[in-house]
Amino acid sequence: MLSRCTRLTSSPVALEDLYGLVLADAVTAPESVPPFENTAVDGYAVRSSDVVSPPATLKVVGELTAGAAPGIAVEPGTAVRIMTGAPIPEGCDAIVMVEDTERLEDVDGVVVKTSVPAGAGIRLAGSDIKRGDVLFSAGVEVNAAMLGVLSSCNVRSASAHPRPRVAVLSTGDELVDDGSPLHIGQIRESNRTMLLRLVADAGCESVDYGIVRDDEDALERVLREAAETCDAIVTSGGVSMGDYDVVKLVLSRIADMRWMQIAMKPAKPFAFGEITAGTRHVPVFGLPGNPVSSFVSFELLARPALRSMAGHPATTAFRSYATVILDDDIQRKSDGKVHFDRVFAYWHQDGRLHVRRSDAQASHQLSASAQTNALLEVPNGNGMKAGDTARALLFRPA
Ligand code: AMP
Ligand code: MG
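Residues numbered from 1 in each chain as written. Chains lettered and ligands numbered in written order. Predicted model: local features only at pLDDT ≥ 70, side-chain atom pairs only at ≥ 80, totals over all residues. Heavy atoms only, no water.

Colleague: Before we go on, may I ask you to explain the overall build of the protein chain in this structure?
Modeller: Of the regular secondary structure elements, the protein chain holds seven helices and 27 strands. Taking 2.2 N^0.38 as the reference for a compact globule, 398 residues should give roughly 21 Å; the C-alpha atoms of the protein chain span a radius of gyration of 31 Å, well beyond that estimate. By its C-alpha atoms, the protein chain is 95 × 55 × 40 Å across when sized along the principal axes. Taking the intrachain contacts of the protein chain between residues at least 6 apart in sequence as the baseline, contacts between residues at least 24 apart amount to 69%. For the protein chain, the exposed surface amounts to about 19100 Å²; the carbon and sulfur share of it is 51%. (Helix = DSSP H or I, 4+ residues; strand = E, 2+ residues; numbered from the N terminus. Rg over C-alpha atoms; globule rule 2.2 N^0.38 Å. Contact = heavy atoms within 4.5 Å. Areas by Shrake-Rupley, 256 points an atom, 1.4 Å probe, with all protein chains shown as cover.)

Pasting the structure below:
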């Protein structure tokens with residue numbers, strides 16, 4: 001899947017639209033930050049040699065605020081009142097914090113009560129960023145602090161991969177999503193609500209294609225339409241061995257498909273393929289319909305591929321695994337599959353990451369999974385014991 005889900009073509013993106021996108025090229029700084037030498041504190045601009053044996057009384061010859069030009073010089077025996085961010089006046093080599101001074105209003109003077117080394121309180125030009133520095137490399141996702149950095153040195157746009165547009169649809173004659181009373185046999189649609197959000201959380205734009213009935217023509221129409229305008233398609237339901245598994249039937253006809261039985265539980269049935277739309281090959285992730293299977297297969301299989309399309313390298317396309325301590329016995333029988341149990345990971349007072357597991361692990365029991373924050377990898381075999389170490393994939397840092 002990763003080899004078929006390559007990064008989308010990058011283009012220049014304005015600063016205000018960069019948040020959450022992945023940079024396609026390294027960004028270098030066009031300007032230095034700070035652009036000029038300035039004061040880090042509110043206080044008095046002095047010559048450090050004037051205050052070597054405090055207290056020292058200096059004549060206050062002016063005032064400099066942030067945004068002012070430094071038109072005053074600090075001659076021997078004088079000081080300039082200065083506010084954070086103001087440029088350093090000529091002759092000054094240190095700033096004394098206002099807390100270490102006492103103003104003598106009547107004589108335009110100040111008593112400096114401490115000595116300061118040369119350079120004290122002064123932020124040098126370029127001490128944050130030097131012009132030409134590589135700020136960020138390709139493959140990095142833009143966060144809020146990075147937007148601040150880019151603004152600080154006047155980067156107004158950068159080359160980034162677009163957010164993949166991902167169509168999300170669910171299939172099933174039994175599904176109801178309009179709040180109407182359920183007839184026997186019907187259930188409330190839930191996967192699409194969840195998947196639209198998971199897709200967005202993965203850094204993509206999710207596009208709601210609604211519920212499609214178990215009807216081949218209707219499904220074909222929706223899939224072709226989605227392929228025209230989207231970069232990828234996520235479907236739920238209809239990929240297993242039932243007679244009305246229409247996703248399987250339709251995609252077998254219109255797409256280049258890989259049907260999979262993956263040796264994992266939940267989410268054994270899974271489909272991946274591509275629909276050709278013009279010159280583009282649009283990947284389709286056919287998730288199984290059981291809600292927990294949809295969730296787990298999205299996390300483990302679809303999400304890394306979608307994030308690769310968004311420009312992420314493997315390190316950030318995949319979530320990280322952690323070594324965890326089991327609080328409970330994990331009972332299972334050998335069935336040739338790796339089990340991914342939904343668990344709650346937390347920092348124990350022993351300083352290690354522990355996991356608790358609920359018993360409701362069947363693939364229709366989404367409620368027991370909804371507040372978990374990790375998938376525990378339970379290798380094929382006869383289970384594990386409380387106190388054992390294991391691997392868990394973390395949805396979010398514990
Ligand atoms: P399927 O994969 O279509 O055979 O569906 C497997 C199970 O998941 C069935 O019990 C379906 O009713 C249920 N299911 C399928 N799609 C959804 C959905 N979007 N929301 C909730 N349950 C679903
Ligand atoms: Mg179905």
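Colleague: It is not clear to me how helix α5 (residues 291–309) should be interpreted in this structure. Could you clarify?
Modeller: In an α-helix there are 3.6 residues to a turn, and that puts residues three or four apart on one side. Its 19 residues place the ends of α5 25 Å apart at the C-alpha level, agreeing with the 27 Å of an ideal helix rising 1.5 Å per residue. By the criterion of burial, α5 is predominantly enclosed, with 19 of the 19 residues buried. Residue glycine 311 follows α5 closely and has a positive phi angle near 105°. (Expected span 1.5 Å × (residues − 1). Buried < 20%, exposed > 50% of the residue type's maximum accessible area, 1.4 Å probe, protein only.)

Colleague: What should I look at first to understand helix α2 (residues 191–201) in this one?
Modeller: Asn191, Arg192, Met194, Leu195, Leu196, Leu198 and Val199 are the residues of α2 that are buried. Just past α2, the residue glycine 203 takes up positive phi, approximately 100°.

Colleague: Please clarify how the site of ligand 1 should be interpreted in this entry.
Modeller: Taken together, 17 residues are adjacent to ligand 1, and Glu174, Glu189, Ser190, Gly238 and Gly289 come closest. For ligand 1, a nitrogen atom lies 3.3 Å from a polar atom in the backbone of asparagine 191. Within the backbone of glycine 289, an N or O atom sits 3.0 Å from an oxygen atom of ligand 1. Within the complex, 77% of the 480 Å² of free accessible area of ligand 1 lies under protein. When atom positions are compared with the pocket grids, ligand 1 is found to occupy the largest pocket. Residues of the shell around ligand 1, tallied by class, amount to three nonpolar, 10 polar and four charged. (Near = heavy atom within 4 Å. Polar contact = N/O pair within 3.5 Å; in protein donor to acceptor, adjacent residues only side chain to side chain. 1 Å grid on protein atoms, 1.4 Å probe; cavity = no way out; pocket = protein on both sides within 12 Å on 5 of 7 lines; lining within 4 Å. Sits in = over half its atoms within 2 Å of the grid points. Nonpolar A, V, L, I, M, F, W, Y, C, P; charged D, E, K, R; others polar.)

Colleague: Explain the nonpolar core here, please?
Modeller: Nonpolar side chains in soluble globular proteins tend to be buried together. In this structure, Phe285, Phe298 and Leu306 are the most contacted members of the largest nonpolar core, which totals 33 residues. For this core, the elements supplying multiple residues, two or more each, are β14 (165–171), α2, β18 (232–236), β21 (269–277), β22 (280–287) and α5. Ranked by residue count, the leading element in this core is α5, at 10 residues. Here this core gathers at least three residues from each of two domains, domain 3 (165–313) and domain 4 (321–394). Leaving out residues up to four positions away in the same chain, phenylalanine 298 has contacts with Leu195, Leu198, Val199, Val234, Leu287, Arg303, Pro304 and Leu306. One finds Ala167, Ala226, Val239 and Ala255 within the second-largest nonpolar core, a separate group that totals 26 residues. (Core = buried A, V, L, I, M, F, W, Y, C linked by side-chain atoms within 4.5 Å. Domains from an automatic or database assignment.)

Colleague: I keep staring at the domain arrangement of the protein chain and nothing clicks. Help me out?
Modeller: Often, the extent of an interface is quoted as the loss of accessible area upon association of its parts. In terms of domains, the protein chain is made up of domain 1 (11–34 + 127–161), domain 2 (38–123), domain 3 (165–313) and domain 4 (321–394). Each of domain 1 and domain 3 has a C-alpha centre, and these two points are 35 Å apart. Contacts between the two partners involve four residues from domain 1, matched on the other side by five residues from domain 3. Viewed at the interface, domain 3 and domain 1 are joined by one salt bridge. Of the charged contacts in the structure, one is a salt bridge between glutamate 141 and arginine 307, with a shortest N-O distance of 3.9 Å. Looking at the side of domain 1 that touches domain 3 residue by residue, the class counts come to one nonpolar, two polar and one charged. (Salt bridge = Lys/Arg side-chain N within 4 Å of Asp/Glu carboxyl O.)

Colleague: I'm lost on the layout of surface pockets in this one. Help?
Modeller: Think of a ball as big as a water molecule: rolled over the atoms, this probe shows where empty space is left. In this structure, the largest pocket spans a volume of roughly 390 Å³. Along the walls of the largest pocket sit 23 residues, with Glu174, Gly237, Gly238, Gly289 and Asn290 positioned nearest its centre. At the level of secondary structure, the elements contributing two or more residues to the lining of the largest pocket comprise β16 (187–188) and α5. Residues of the lining of the largest pocket, tallied by class, amount to seven nonpolar, 11 polar and five charged. What the second largest pocket holds in volume is close to 250 Å³. What lines the second largest pocket is a set of 14 residues, and nearest its centre among them are Arg307, Thr316, Phe318, Arg319 and Ser320. Taken together, the elements giving at least two residues each to the lining of the second largest pocket come down to α5 and α6 (314–317). (Points joined across faces, edges and corners; volume = space filled by probe spheres on them.)

Colleague: Looking at this structure, I do not really get empty space enclosed by the protein. What am I missing?
Modeller: Summed over all chains, the structure comprises one cavity of 30 Å³ or more. If you add up the space inside the largest cavity, you get close to 50 Å³. Lining the largest cavity we find 13 residues, and of these Gly20, Val22, Gly203, Ala310 and His312 sit closest to its centre. Of the residues in the lining of the largest cavity, the class split is six nonpolar, four polar and three charged. There are two domains that each give the lining of the largest cavity at least three residues, and those are domain 1 (11–34 + 127–161) and domain 3 (165–313).

Colleague: Whenever I open this one, the packing of aromatic side chains confuses me. Can you help?
Modeller: Ring pairs (aromatic) are described by centroid distance and by the angle formed between their planes. Tallied over the full model, the rule gives two aromatic pairs. Judged by centre distance (5.3 Å) and plane angle (50°), the ring pair of phenylalanine 272 and phenylalanine 285 falls under tilted. Separated by 13 residues along the polypeptide, phenylalanine 272 in strand β21 and phenylalanine 285 in strand β22 bring together distant segments of the chain. Residues phenylalanine 295 and phenylalanine 395 carry aromatic rings whose centres are separated by 5.3 Å and whose planes lie at 80° to one another, so their mutual orientation is edge-to-face. You can see phenylalanine 295 sitting in helix α5 and its partner phenylalanine 395 sitting in the segment after β27 (389–394), a full 100 residues away along the chain. For the pair phenylalanine 295 and phenylalanine 395, one class covers both residues: buried. The lysine or arginine in question, lysine 248, covers the ring of tryptophan 259, its NZ or CZ lying 5.5 Å from the ring centre. Against the face of tyrosine 321 rests arginine 391, its NZ or CZ located 3.9 Å from the ring centre. (Phe/Tyr/Trp six-rings, centres within 6.5 Å; stacked < 30°, edge-to-face > 60°. Lys NZ or Arg CZ within 6 Å of the ring centre and 35° of its normal.)

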